[in-house]
Amino acid sequence: MVGLGGVITALVILNEISRRSRIAAWLCFIVLPVALTIFVWPTTAGPGSSTGTWFHWVKVYSALAGCLGFMALRYWPRLSKNKWALLFPPAILAINIFEACLRDFQVGAMNADGMVDGVYMLSGAWNWMNGVAGLLNLLTICGWAGIIISRDKSKDMVWPDMLWFWIIAYDLWNFAYVYNCVGDHSFYAGAALLISCTIPAFFVKKGVWLQHRAHTLAFWMMFTMAVPTFVTSSQFAVDSSHNPAALFTVSAVALAANIAVVIYQIYTVVKRRKNPLHDELYAHLAQYREVREANMPLV
């Protein structure tokens with residue numbers, strides 16, 4: 001639990017520093033990864049390493065791309081007013097979800113029961129169930145046209161239509177994905193990482209979940225690519241049970257949660273005659289109004 005608390009605390013603090021300071025953000029998401037790419041990762045995340053797979057390399061750079069793209073929207077006012085530019089946040093989010101779905105389906109098709117790419121994997125129906133859950137989560141992304149930049153000094157990227165029920169469904173799906181595909185990493189890359197972005201989204205700066213997620217994911221991926229032994233063989237490592245019942249249960253819960261979000265979204269679309277491709281669907285909810293009113297420019 002010391003390791004869990006330390007990771008969550010570190011990620012929350014780093015996220016706060018990088019979102020409140022433009023200079024810190026440039027250092028964290030440009031200078032640091034360039035240095036790591038040249039001097040560290042080729043050695044620590046090479047072939048045979050638990051982080052040496054294509055997925056880990058794609059994931060770290062896609063997370064960094066998200067951070068940089070969000071910074072561009074936040075710090076260049078003309079860009080944030082361009083509706084085409086606002087397609088970037090849902091696009092990068094959808095790409096990240098789709099990458100994980102592909103990996104779940106890939107592992108499901110492996111019929112694995114042993115070490116694969118340096119990680120123990122157990123294939124089963126849970127991979128297919130959770131892959132479907134992820135696709136449903138992707139399809140229920142909505143309200144991107146309502147993204148605004150907060151009026152406070154931090155200039156956060158605020159997405160009012162991305163509310164708690166979608167976030168929880170995402171968290172359940174993503175935890176199940178990590179549990180299914182990199183189970184021995186799930187204590188940190190699953191639980192700790194998701195908690196570290198959900199806490200600030202619910203209690204520190206509401207409406208900014210995607211920005212919190214991108215920052216904490218980028219920090220975690222940079223760390224685990226540099227120090228892969230932290231989750232595999234250090235004193236803080238926590239192994240998964242690889243229990244089929246547990247794998248099935250977490251994926252079933254994730255699938256049920258995302259089906260519930262789909263049903264509620266369809267109900268909202270039909271009842272309120274909304275177009276999910278460009279309308280904000282949940283403007284009638286108090287949580288939406290709270291976030292939007294707290295961040296809309298005063299002029």
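Anything mentioned here points back to the structure above.
The present account deals with the structure reproduced in this document. (Residues numbered from 1 in each chain as written. Predicted model: local features only at pLDDT ≥ 70, side-chain atom pairs only at ≥ 80, totals over all residues. Heavy atoms only, no water.)

In terms of regular secondary structure, the chain is built from 13 helices and four strands. Its C-alpha atoms give the chain a radius of gyration of 19 Å, near enough to 19 Å, the size a compact globule of 299 residues would have. With respect to the principal axes defined by its C-alpha atoms, the chain has extents near 55 × 45 × 35 Å. For the chain, buried positions account for 55% of its 299 residues. Across the chain, contacts joining residues at least 24 apart in sequence account for 72% of those joining residues at least 6 apart. Split by element, the accessible area of the chain, about 13,200 Å² in all, is 71% carbon and sulfur. Considering the chain, the positive charge centre built from 21 side chains and the negative charge centre built from 15 side chains are found 14 Å apart. (Helix = DSSP H or I, 4+ residues; strand = E, 2+ residues; numbered from the N terminus. Rg over C-alpha atoms; globule rule 2.2 N^0.38 Å. Buried < 20%, exposed > 50% of the residue type's maximum accessible area, 1.4 Å probe, protein only. Contact = heavy atoms within 4.5 Å. Areas by Shrake-Rupley, 256 points an atom, 1.4 Å probe, with all protein chains shown as cover. Lys, Arg positive; Asp, Glu negative; His and termini not counted. Charge placed at Lys NZ, Arg CZ, Asp CG, Glu CD.)

On to a nonpolar patch on the surface, then. A contiguous nonpolar surface patch, about 870 Å² in accessible area, is contributed by I23, W26, L27, I30, V31, V34, I38, F39 and L68. Looking at which element gives the most residues to the nonpolar patch, the answer is helix α2 (residues 22-39), with eight residues. Of the residues examined, L27 reaches a relative accessible area of 48% and is grouped as partly exposed. (Patch = residues over 30% accessible without salt bridge, like charges linked within 9 Å, V, L, I, M, F, W, Y side chains within 5 Å. Salt bridge = Lys/Arg side-chain N within 4 Å of Asp/Glu carboxyl O.)

Here we take up helix α9 (residues 186-204). The complete set of buried residues in α9 reads S186, Y188, A189, G190, A192, L193, L194, S196, C197, T198, P200 and A201. Along its buried surface, α9 packs onto α1 (2-20), α8 (164-181), α10 (209-226) and α11 (229-232).

Turning to the state of the cysteines, a few remarks are in order. What the rule picks out here adds up to zero disulfides. Distance from the sulfur of C67, which forms no disulfide, to the nearest cysteine sulfur (C28) is 9.4 Å. We classify C67 as buried; its relative accessible area is 0%. Free cysteine: C142, not disulfide-bonded; nearest cysteine sulfur from C101 at 17 Å. (Disulfide = S-S within 2.5 Å.)

The subject of this paragraph is the packing of aromatic side chains. On inspection of all chains with the given rule, the structure shows 25 aromatic pairs. Where F165 meets Y282, the ring centres are 5.0 Å apart and the plane angle is 85°; that geometry is what we call edge-to-face. Here F165 is found in helix α8, whereas its partner Y282 is found in the loop between α12 (244-272) and α13 (286-295), with 117 residues between them in sequence. Taken as a pair, F165 and Y282 share a single burial class, namely buried. Geometrically, the ring pair formed by F202 and F203 is edge-to-face, given 6.4 Å between the ring centres and 75° between the ring planes. Site record: aromatic cluster; members linked through ring pairs are F187, Y188, W220, F223, F230 and F236. (Phe/Tyr/Trp six-rings, centres within 6.5 Å; stacked < 30°, edge-to-face > 60°.)

In summary, soluble globular proteins display a tendency toward joint burial of nonpolar side chains. Counting 85 residues, the largest nonpolar core has F29, L93, W166, W173, W209 and W220 as its most contacted members. Setting aside its immediate chain neighbours within four residues, W220 contacts V7, L11, Y188, A189, L193, F230 and V231. (Core = buried A, V, L, I, M, F, W, Y, C linked by side-chain atoms within 4.5 Å.)

A word on the pairing of strand β1 (residues 113-116). Within a regular strand, the side chains alternate between the two sheet faces. Inspection of the sheet shows β1 paired to strand β2 (residues 119-122) by four bridges, in the antiparallel sense. Bridge pairing links V116 to V119 in β2. The turn joining β1 and β2, which pair antiparallel and follow one another in sequence, is formed by two residues; a positive phi near 55° is taken by D117. (Pairing = 2+ DSSP bridges.)

It is worth spelling out helix α7 (residues 125-139) at this point. The end-to-end C-alpha distance of α7, which contains 15 residues, comes to 22 Å, matching closely the 21 Å that a straight helix rising 1.5 Å per residue would cover. Along α7, the residues that are buried comprise W126, N127, M129, N130, G131, A133, G134, L136 and N137. The inward-facing, buried residues of α7 abut α6 (88-110), β2, α8 and α12. (Expected span 1.5 Å × (residues − 1).)

The subject of this paragraph is the packing of helix α4 (residues 54-75) against α10. Interaxial distance between α4 and α10 falls to 9 Å at its minimum, and their mutual angle equals 140°. Overall, the two elements α4 and α10 adopt an arrangement that is oblique. Crossing geometry of α4 relative to α10 is assigned as left-handed. In this structure, α4 contributes H56, W57, K59, V60, A63, L64, C67, F70 and R74 to the contact, and α10 contributes L210, Q211, A214, H215, L217, A218, M221, M222 and M225. Split by residue class, the contact of α4 with α10 holds 13 nonpolar, three polar and two charged. (Axes fitted to C-alpha atoms, helices over the stretch in contact; angles between N-to-C directions. Parallel < 35°, antiparallel > 145°, perpendicular 65-115°, else oblique. Left-handed = near helix turned anticlockwise from the far one by under 90°. Nonpolar A, V, L, I, M, F, W, Y, C, P; charged D, E, K, R; others polar.)

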